[in-house]
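Close look at the chain arrangement
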Amino acid sequence: MLATEKLSVSYGSVRALTDVDLEISGDGLLHGIIGPNGAGKSTLLDAICGRRRPTSGRVRYCGEDITRRSISWRRRQGMARSFQRTSIFQDLTVREQLQLVAQHLGDEGLDDVIETMDLGGYLDQKAGRIAYGVQRRVDVALALIGRPRLLLMDEPGAGLSATETLRLFQHVRDLVRERRIAAVVVEHDVDAVFACCDMVTVLDLGRHLSTGAPEAIRADQRVISAYLGTAA
Amino acid sequence: MTDDLRASTTATFGSLSQRSLAIAVGLIGLCAGAIVPTYLASDFVLRLGSEGLLLGLLALSVAFLMNQAGLVALGAASIYGGAGYLFAIGMSDWGLSPTAALCVAFLILLVYAAMLGALIVRTNPLAFMMLTLAAGEMISHAVLLEGLRDYTGGADGLVVRVNGSVLGIDALRFADPVQFWCIAWIVTVLIGLAFWAIGRSRLGVVLRAIRGNEERMRFSGFNTFLPRLIGYVLVNVAAAIAGFLHVLNAGFVSPESLGLFVSTNTLVAALIGGISGSLGPILGGLIFSFAQDEFGARGLTQLLTGVAIVLFIVVFPRGVVGGLSSLSKRLGWRREGA
Amino acid sequence: MIALLIANSLALASLLIMLSSGLALIYGLRDVINFGHGAIYMLGAYLGYTIALVGGFWLALLLVPLLLALLGIAFEYLALRPLQRRSHIEVALVTLGLGIILGQVIIYIYGGEARSVDAPKILSGSVTVLHLSYPVYRLFLIVMGLGSCALLALWLRYTSSGLYVRAVSQDPSVARMMGINADRLSLLVTSLSTAFAGIAGVLAGPYLSVDPGMDVVMIVNCLIIVVIGGTGSIGGAIIAALLFGFVQVAGSVFLPNLAALVPYILLMVVLLIAPGGIGRGRVMS
């Protein structure tokens, strides 16, 4: 469903991402991306979703080269993302923003999303006023509207406790399996990734280090020396 | 749950009979506002009032963009004055009838606004503010160009003689203070209502959402450029109408009508009245016009303009109308959330 | 001919660099565009005029920046800090209002007519360089402009406060996490920026005229430069000022009929090609 080909991104003279090749199949798989700080995880996500133009390389989505497509085009084609620093409409109520996006994308199943993200009790509150954990769920809910085919999530666990993170991951995994869509999750919390993801990619210093099933990654000598180290 | 967004706003209007009552009251108010002052006020006061309404129209355009899109335009003058110049040039140099000149001028302004808008609404709000200021200065320099002197009259401006009728209205009516008040009032109220409606339409919702979080709107599949461009062109339509009314009434155009001071006065009028809603900016225009008459003779207008900008932003950011409505809420005159 | 053109545009660009880099610095640090910068420059010019009458040009060139640095400190404490929690647009509007007030007060005191300032003896007249006769004062302007450029570059490159300014300009959130005291930095930058506006004002006296419209002309020029340079990019602002100076001077030579519009045409062309400006600023939303 999604493939990157020799994807590179530079910020001025700093190379954040170098020649990353990645394949993500769309068959109900949850794909985790891990790596130490500065490995280029968020940059990779930004380059995939169109937030940052790659310096070189290509992004393919459903076989089509979409490297130069706009963010809104990608979204209408079913590529959605959530943000590490919550990005919601602070001044609108939860209901208002979900409806706005649902109407635009022609999604009739908004109630589903609300139930999935357990937002029923917050619909008429201004999003800026609700608790941070709930705001994060609104952020994910905004990404779930319109039945996306590819879900990109940037540190969904940021600001959540370990149990909350795990629950969110299980939620996403169930959703992905049930709808047979794909999700790419960048995450700091390695335990949650290993517990829930079907595939794991490790980035280090902007390069692709390894991709495989969680067990294989855990045993990969290169990964251990570069990242997991003694902790694993 | 999946009911329309607008359902909640229409619901506050209550039943249909209440709505028709509101329309009736509105119509009576519209007529009364057009006619009653002409019996009560002197020609001088009516002139000031009409000027205030035109400034209010301009302020409405600036306020709408500020409130809905979070964009501050400092170039209202170039459309306002430009309307007068194009209208005059259309009649005298291109030999058009007044109505045709008006339409051609309007089209040119629309194209200009759309082209400029396409360039500048993509930038961030601060850059937008800087760019509108620069574009306004560009136009005010352009009319003074030596090569255009035959068209624009240079620093002297142009006398605009309108023979016959404009859009079916006898041109003489615009010069008469009483009749001009009626025209200006009706136009202002209608445009005010139109902007009020646009603010509540889907366009308004989308614009406010873009103002709140532009990136998230793109990540929700919205084109964030087009709504802002449409908003920008729409407010310039109001500014152009104010400009046409002004030139028809005054009978001349001068480079001053394109000057930065027109734009800052507009901004002040919007800030005085309060930028949310249609009532505030129009009221602000009226207040500014009468205040200018009071202080202008002493050459204090610009100084007070500066003071007013600082004062209203720092101390009364919601303006007169916003301040009064929150006061009335506090006193319990209105139900909370109305 | 070409050499003369370049020299003239460098002279103009020198003033523009001093003003627009100050604007870009404040923007980088606080995300605020100071629309009153033109009025501060105008104050510098009028103060320079007065002090030059009493104590001569050199005293003015020394005193005015000091006085305006004090004004900058007042501006920081009385306007920027109390308004820190307001939106950037609101703060920009307040600076616009303050600029109008300052400009009007100056006009109220000095009246509406233009004033002229004489260059000191040592800088008046012309010198012959490479068979070309050129006014000494403009050479002095160029030296001052390039000198302030160099100082700015050295400061940004080699001092810790300069490093912090670069860090904050590039990413305010990261810099905040690094524990940089933005308030202290902002005080430094604001007073530096107004002091430079003062120097530019004094230097403008013998070169351009000192008149009531100078604030608007200059702020519009600077805003164009800052946008072209990519808002918040100091290097971009310097390059844009050079480009602006050249285009302005070349325009008045080759397109005298359209000279007044040339800077705006430049602006539109740059926006069309690179909506974010030429530097790596943060002009796009």
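Not measured: the values here are computed from a predicted model.

With that settled, the discussion passes to the overall build of chain A. What chain A contains, in helices and strands, is nine helices and 10 strands. A globule of 232 residues ought to have a C-alpha radius of gyration of about 17 Å, and chain A, at 17 Å, matches this closely. Once the C-alpha set of chain A is aligned to its principal axes, its extents read approximately 50 × 40 × 35 Å. When contacts within chain A are restricted to residue pairs at least 6 apart in sequence, those whose partners lie at least 24 apart make up 67%. Put simply, chain A has 30 plus and 30 minus side-chain charges, and the middle of one group is 6 Å from the middle of the other.

Turning to the sheet that holds strand β3 (residues 30–34) of chain A, a few remarks are in order. Residue and element names in this part refer to chain A. Judged by pairing direction, the sheet is mixed, and its six strands sit side by side in the order β6-β7-β8-β3-β9-β10 without closing on themselves. The outermost strands of the open sheet, each flanked by one partner alone, are β6 (79–82) and β10 (207–212). The average undirected angle you get between the axes of adjacent strands in this sheet is 20°. Of the strands in this sheet, β3, β6, β7 (150–154), β8 (182–186) and β9 (199–204) touch helix α1 (residues 41–49), which is tilted by about 145° from β7. Across the face of the sheet, helix α5 (residues 132–144) comes into contact with β6 and β7 while running at roughly 175° to β6.

Right, let's talk about the interface of chain B and chain C for a bit. Facing 39 residues of chain B, the contacting portion of chain C comprises 40 residues. Summed over both sides, the interface between chain B and chain C buries roughly 3500 Å², with carbon and sulfur atoms accounting for 82% of that surface. Looking only at chain B, the three residues that lose the most surface to chain C are Leu119, Leu126 and Met130 of chain B, adding up to 19% of its buried area. Across the chain B-chain C interface, the total number found is zero salt bridges. Our enumeration of links across chain B and chain C arrives at three residue pairs in polar contact (both at pLDDT 80 or more). Looking at the side of chain B that touches chain C, the elements with two or more residues in it are α5 (98–120), α6 (125–142), α11 (214–218), α13 (260–273) and α15 (301–314) of chain B.

Of all residues in chain B, 93% have pLDDT values of 70 or greater, and the mean over the chain is 89. The model gives residues 1–13 of chain B a pLDDT under 50, and that stretch makes 19 contacts with residues more than four places away or in other chains.

Counting residues in hydrophobic clusters, the biggest one holds 190 residues, and the most contacted among them are Phe87, Leu267 and Ile309 of chain B together with Phe35, Leu93 and Leu203 of chain C. The element best represented in this core is helix α1 (residues 2–30) of chain C, accounting for 15 residues. Residues contacting Phe35 of chain C, with those up to four places away along its chain left out, are Leu74, Met129, Met130 and Leu133 of chain B together with Ala92, Thr95, Leu96, Ile219 and Leu223 of chain C. Grouped together as the second largest cluster of nonpolar side chains are 55 residues, Val94, Leu123, Ile130 and Ile181 of chain A included.

A word on the sheet that holds strand β5 (residues 64–65) of chain A. All names here are of chain A. Across the sheet, which stays open at both edges, the four strands sit in the order β2-β1-β4-β5 with antiparallel pairing between neighbours. Each edge of the sheet is formed by a strand with only one pairing partner; in this case those strands are β2 (14–24) and β5. Strand direction decides the pairing type here: strand β4 (residues 56–61) and β5, joined by two bridges, are antiparallel. Pairing of Arg60 across the sheet is with Asp65, part of β5.

All names here are of chain C. At a minimum axis separation of 11 Å, helix α6 (residues 160–170) and helix α8 (residues 182–207) run at an interaxial angle of 100°. Here α6 is positioned roughly perpendicular relative to α8, judged by the angle of their axes. Here Ser161, Tyr164, Val165 and Val168 of α6 come into contact with α8, specifically with Leu185, Leu188 and Val189.

It is worth spelling out the packing of aromatic side chains at this point. Within the structure shown, the criterion is met by 13 aromatic pairs over all chains. Taken together, a centroid distance of 6.4 Å and an interplanar angle of 50° make the contact between Phe106 of chain B and Phe244 of chain B tilted. With Phe106 of chain B in helix α5 and Phe244 of chain B in helix α12 (residues 225–250), this pair connects stretches of sequence that are 138 residues apart. Accessibility expressed as a relative area gives 6% for Phe244 of chain B, which makes it buried. Between Trp181 of chain B and Trp185 of chain B, the aromatic rings sit 5.8 Å apart at their centres with planes inclined by 25°, giving stacked as the arrangement. With a gap of four residues between them, Trp181 of chain B and Trp185 of chain B both fall in helix α9 (residues 177–200), about one helical turn apart. Among the aromatic residues, ring-to-ring pairing joins Phe57, Trp58, Tyr137 and Phe140 of chain C into one connected group.

Judged by side-chain polarity, Leu59, Leu62, Leu63, Leu66, Leu67, Leu70, Ile73, Tyr77 and Leu78 of chain C come together as a nonpolar surface patch covering roughly 860 Å² of accessible area. Structurally, the position occupied by Leu59 of chain C is in helix α3 (residues 57–80).

All names here are of chain B. One pass over the full model with this rule turns up six cavities of 30 Å³ or more. Here the largest cavity is characterised by a volume of approximately 120 Å³. Of all the elements in the fold, those that place two or more residues in the lining of the largest cavity are α3 (43–69), α4 (76–92), α5, α6 and α12. The biggest single contributor to the lining of the largest cavity is α12, with four residues. Residue composition of the lining of the largest cavity, by class: 10 nonpolar, six polar and no charged.

On the surface, Asp111, Asp112, Glu115, Asp118, Asp174 and Glu178 of chain A cluster together to form a negatively charged patch. Counting through the fold element by element, Glu115 of chain A comes out in helix α4 (residues 110–116).

Our focus in this paragraph is the side chain of Glu137 of chain B. If you trace the backbone, Glu137 of chain B turns up in helix α6. Summary of buried charges: Glu137 of chain B has no salt-bridge partner, and the nearest side chain of opposite charge, Arg149 of chain B, is 18 Å away. Filtering out sequence-adjacent residues up to four positions away, Glu137 of chain B remains in contact with Leu260 of chain B together with Val216, Val220 and Tyr264 of chain C.

Before going further, it helps to spend a moment on the pairing of strand β1 (residues 126–129) of chain C. Residues and elements named next belong to chain C. Relative to strand β2 (residues 132–135), β1 runs antiparallel, the two sharing four bridges. Across the sheet, Thr128 pairs through a bridge with Ser133, a residue of β2. The antiparallel pairing of β1 with β2 creates a hairpin that spans two residues between the two strands, and Leu130 there sits at a positive phi of about 50°.

Next up on the list: the environment of Ile238 of chain C. Residues and elements named next belong to chain C. Here Ile238 shows up in helix α10 (residues 234–254). Residue class for Ile238 comes out buried when judged on its relative accessible area of 17%. The spacing of Ile238 and Met18 is 220 residues in sequence and 8.7 Å in space, taken between C-alpha atoms. Excluding anything up to four places from it in sequence, Ile238 contacts Ile17, Cys149 and Leu152.

Rules used in this analysis
Residues numbered from 1 in each chain as written. Chains lettered and ligands numbered in written order. Predicted model: local features only at pLDDT ≥ 70, side-chain atom pairs only at ≥ 80, totals over all residues. Heavy atoms only, no water. Helix = DSSP H or I, 4+ residues; strand = E, 2+ residues; numbered from the N terminus. Rg over C-alpha atoms; globule rule 2.2 N^0.38 Å. Contact = heavy atoms within 4.5 Å. Lys, Arg positive; Asp, Glu negative; His and termini not counted. Charge placed at Lys NZ, Arg CZ, Asp CG, Glu CD. Pairing = 2+ DSSP bridges. Axes fitted to C-alpha atoms, helices over the stretch in contact; angles between N-to-C directions. Buried area = accessible area lost by both parts, 1.4 Å probe. Salt bridge = Lys/Arg side-chain N within 4 Å of Asp/Glu carboxyl O. Polar contact = N/O pair within 3.5 Å; in protein donor to acceptor, adjacent residues only side chain to side chain. pLDDT = per-residue confidence, 0-100. Core = buried A, V, L, I, M, F, W, Y, C linked by side-chain atoms within 4.5 Å. Buried < 20%, exposed > 50% of the residue type's maximum accessible area, 1.4 Å probe, protein only. Parallel < 35°, antiparallel > 145°, perpendicular 65-115°, else oblique. Phe/Tyr/Trp six-rings, centres within 6.5 Å; stacked < 30°, edge-to-face > 60°. Patch = residues over 30% accessible without salt bridge, like charges linked within 9 Å, V, L, I, M, F, W, Y side chains within 5 Å. Areas by Shrake-Rupley, 256 points an atom, 1.4 Å probe, with all protein chains shown as cover. 1 Å grid on protein atoms, 1.4 Å probe; cavity = no way out; pocket = protein on both sides within 12 Å on 5 of 7 lines; lining within 4 Å. Points joined across faces, edges and corners; volume = space filled by probe spheres on them. Nonpolar A, V, L, I, M, F, W, Y, C, P; charged D, E, K, R; others polar.

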